[in-house]
Amino acid sequence: MTWRASVLTLFPEMFPGPLGYSLAGRALREGRWALEAADIRGFATDRHRSVDDTPFGGGAGMVMRPDVVDAAVADAVNRNPGAPVIYLTPRGRLLDQGLVRQLSAGPGCVLLCGRYEGVDQRVIEARGMLEVSAGDIVLSGGETAALLLLDACVRLLPGVMGAGASAEEESHGPEGLLEYPHYTRPAEWQGRQVPEVLLSGHHAEVARWRRAQAEEATRTRRPDLWARHQARNNQPHDRGETGRLDGHPAAA
Ligand code: SAM
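Residues numbered from 1 in each chain as written. Predicted model: local features only at pLDDT ≥ 70, side-chain atom pairs only at ≥ 80, totals over all residues. Heavy atoms only, no water.

1. Focus: the site of the ligand
Turning to step 1, where the next piece is worked out: The full set close to the ligand counts 20 residues, and Tyr87, Leu88, Ala134, Ile137 and Leu139 are the nearest of them.
Turning to step 2, where the next piece is worked out: With respect to the ligand, the backbone of Ile137 contributes an N or O atom lying 2.8 Å from a nitrogen atom.
Turning to step 3, where the next piece is worked out: At 3.4 Å, a backbone N or O of Gly141 approaches an oxygen atom of the ligand.
Turning to step 4, where the next piece is worked out: Expressed as a share of its isolated accessible area of 580 Å², the protein-covered part of the ligand is 84%.
Turning to step 5, where the next piece is worked out: In a pocket analysis with a 2 Å cut-off to the grid points, the ligand is assigned to the second largest pocket. (Near = heavy atom within 4 Å. Polar contact = N/O pair within 3.5 Å; in protein donor to acceptor, adjacent residues only side chain to side chain. Areas by Shrake-Rupley, 256 points an atom, 1.4 Å probe, with all protein chains shown as cover. 1 Å grid on protein atoms, 1.4 Å probe; cavity = no way out; pocket = protein on both sides within 12 Å on 5 of 7 lines; lining within 4 Å. Sits in = over half its atoms within 2 Å of the grid points.)

Have a look at this one:
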């Protein structure tokens, strides 16, 4: 079955955007994944096709109406049954490679892109949406976060990356390490040499050096990931990922 992404947005023309190029674009044309972007405004029922209203309790900005959003979600869920419904929001759990792996192994996803101050909380709860953040930043809309999430998921789908490429060895792989640094020709550039070991032809030594570099980069750049990696290594039976999409441990 084709991995299907249903995006709900006020700006459907933003899709596929960058996902129409390179690996994701080719995979889209080959039918390895499918994308449909629906205009939330198409589900408004009043004469002005309004999708937002003023916030109860006062304050600046507008809030997306639950009835309009719910109708849009219902339509997407109908066309993409079984896919988790995700609301992109800075209030959500952080997107990470573990969640990306889980999503790409599933049937696809329904992505709700907010605008203005966001979406009425009642429809988020009523639809059991998973709230996901693209980072501790505030974007002007959920579309760029949706593109980011889809890019990360699509490249993990079967046949999308070249046969030689391995997601296992990349940064944020199952081991939770950052990747080692890369070098190519020329061997000397502006007086800077490629590390000697990479020119040696000794595969085992190269692998050892890369492993040490990956560990050093993780330890110095991301102490949070390093601590998690070490904790995981001390628990040999830990699967490294929680079984639930919301990032909370699976119930025993
Ligand atoms: N008032 C909201 C808050 O402070 O949490 C921010 C609203 S933001 C201006 C408008 C929309 O952009 C949000 O509804 C959400 O869909 C999207 N957005 C903003 N930052 C995001 C992030 N870090 N991750 C995912 N979506 C984000």
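2. Quick notes on the domain arrangement of the protein
Turning to step 1, where the next piece is worked out: Here the protein is described as being made up of domain 1 (3-154) and domain 2 (175-242).
Turning to step 2, where the next piece is worked out: Centre-to-centre separation of domain 1 and domain 2, based on C-alpha positions: 35 Å. (Domains from an automatic or database assignment.)

3. A closer look at the pairing of strand β6 (residues 108-113)
Walk down a regular strand and you will see the side chains alternate between the two sheet faces.
Turning to step 1, where the next piece is worked out: Of all six residues in β6, six are buried; the element is thus mostly enclosed.
Turning to step 2, where the next piece is worked out: Burial of the side chains of β6 extends over both faces: Gly108, Val110 and Leu112 are buried on one face and Cys109, Leu111 and Cys113 on the other.
Turning to step 3, where the next piece is worked out: When strand β1 (residues 3-9) meets β6, the two strands line up parallel, connected through five bridges. When the sheet's bridge partners are listed, Ser6 is paired in β6 with Val110. (Buried < 20%, exposed > 50% of the residue type's maximum accessible area, 1.4 Å probe, protein only. Helix = DSSP H or I, 4+ residues; strand = E, 2+ residues; numbered from the N terminus. Pairing = 2+ DSSP bridges.)

4. Observations concerning the state of the cysteines
Turning to step 1, where the next piece is worked out: Scanning all chains against the criterion turns up zero disulfides.
Turning to step 2, where the next piece is worked out: Here Cys113 is not cross-linked by a disulfide; its sulfur's nearest cysteine counterpart is in Cys109, at 10 Å.
Turning to step 3, where the next piece is worked out: Here Cys113 falls in the buried class, since its relative accessible area comes to 0%.
Turning to step 4, where the next piece is worked out: You can see Cys153 has no disulfide; the closest cysteine sulfur is in Cys109, sitting 5.8 Å from it. (Disulfide = S-S within 2.5 Å.)

5. Side note on the layout of surface pockets
Turning to step 1, where the next piece is worked out: In this model, the second largest pocket occupies a volume close to 670 Å³.
Turning to step 2, where the next piece is worked out: What lines the second largest pocket is a set of 35 residues, and nearest its centre among them are Val63, Tyr87, Glu117, Gly118 and Val119.
Turning to step 3, where the next piece is worked out: Only β4 (63-64), β5 (85-94), α4 (121-126) and β7 (130-133) provide two or more residues apiece to the lining of the second largest pocket.
Turning to step 4, where the next piece is worked out: The biggest single contributor to the lining of the second largest pocket is β5, with five residues.
Turning to step 5, where the next piece is worked out: Taken together, the residues of the lining of the second largest pocket break down into 17 nonpolar, 10 polar and eight charged. (Points joined across faces, edges and corners; volume = space filled by probe spheres on them. Nonpolar A, V, L, I, M, F, W, Y, C, P; charged D, E, K, R; others polar.)

6. Some points on the pairing of β7
Turning to step 1, where the next piece is worked out: By the alternation rule, side chains of β7 split into Leu130 and Val132 and Glu131 and Ser133, which are all buried.
Turning to step 2, where the next piece is worked out: Where β5 and β7 come together, five bridges link them in parallel fashion. Across the sheet, Ile86 pairs through a bridge with Leu130, a residue of β7.

7. What about helix α6 (residues 203-221)?
Turning to step 1, where the next piece is worked out: Between its first and last C-alpha atoms α6 spans 26 Å; for 19 residues at 1.5 Å apiece the expected length is 27 Å, and the two agree.
Turning to step 2, where the next piece is worked out: In this fold, the buried residues of α6 make contact with α7 (223-233). (Expected span 1.5 Å × (residues − 1). Contact = heavy atoms within 4.5 Å.)

8. Quick word on the sheet that holds β7
Turning to step 1, where the next piece is worked out: Pairing within the open sheet is parallel, and its five strands lie in the order β2-β1-β6-β5-β7. Among the strands making up the open sheet, the edge pair consists of β2 (33-39) and β7. Adjacent strand axes in the sheet meet at a mean angle of 35°, parallel and antiparallel pairs treated alike.
Turning to step 2, where the next piece is worked out: The sheet contacts of helix α5 (residues 143-154) involve β1, β2, β5, β6 and β7, and relative to β6 the element is tilted by about 165°. (Axes fitted to C-alpha atoms, helices over the stretch in contact; angles between N-to-C directions.)

9. Digging into the nonpolar core
Turning to step 1, where the next piece is worked out: Trp3, Trp33, Ile86, Leu149 and Leu150 are the most contacted members of the largest nonpolar core, which totals 31 residues.
Turning to step 2, where the next piece is worked out: With eight residues, the single largest contributor to this core is α5.
Turning to step 3, where the next piece is worked out: Apart from residues no more than four positions distant in its own chain, Leu149 is found in contact with Ile86, Leu88, Leu95, Leu103, Cys109, Leu111 and Val132.
Turning to step 4, where the next piece is worked out: In terms of nonpolar packing, the next biggest core, distinct from the first, is built from 21 residues, Val51, Val110, Val119 and Ile124 among them. (Core = buried A, V, L, I, M, F, W, Y, C linked by side-chain atoms within 4.5 Å.)

10. Observations concerning the side chain of Ser104
Turning to step 1, where the next piece is worked out: Tracing the backbone through its elements, the reader meets Ser104 in helix α3 (residues 97-104).
Turning to step 2, where the next piece is worked out: Apart from residues no more than four positions distant in its own chain, Ser104 is found in contact with Trp3, Cys153, Leu156 and Leu157.

11. Concerning the pattern of salt bridges
Turning to step 1, where the next piece is worked out: Under the criterion given, the structure shown has 15 salt bridges.
Turning to step 2, where the next piece is worked out: With a closest N to O distance of 2.7 Å, Asp120 and Arg122 form a salt bridge.
Turning to step 3, where the next piece is worked out: Judged by relative accessible area, which is 52%, Arg122 ranks as exposed.
Turning to step 4, where the next piece is worked out: In this structure, Arg219 engages Glu216 in a salt bridge whose closest nitrogen and oxygen atoms are separated by 2.9 Å. With Arg219 and Glu216 both in helix α6, this residue pair falls three residues apart, about one helical turn.
Turning to step 5, where the next piece is worked out: On the basis of relative accessible area, Arg219 is assigned to the partly exposed category, the value being 41%.
Turning to step 6, where the next piece is worked out: Using a relative accessible area of 38% as the deciding quantity, one classes Glu216 as partly exposed. (Salt bridge = Lys/Arg side-chain N within 4 Å of Asp/Glu carboxyl O.)

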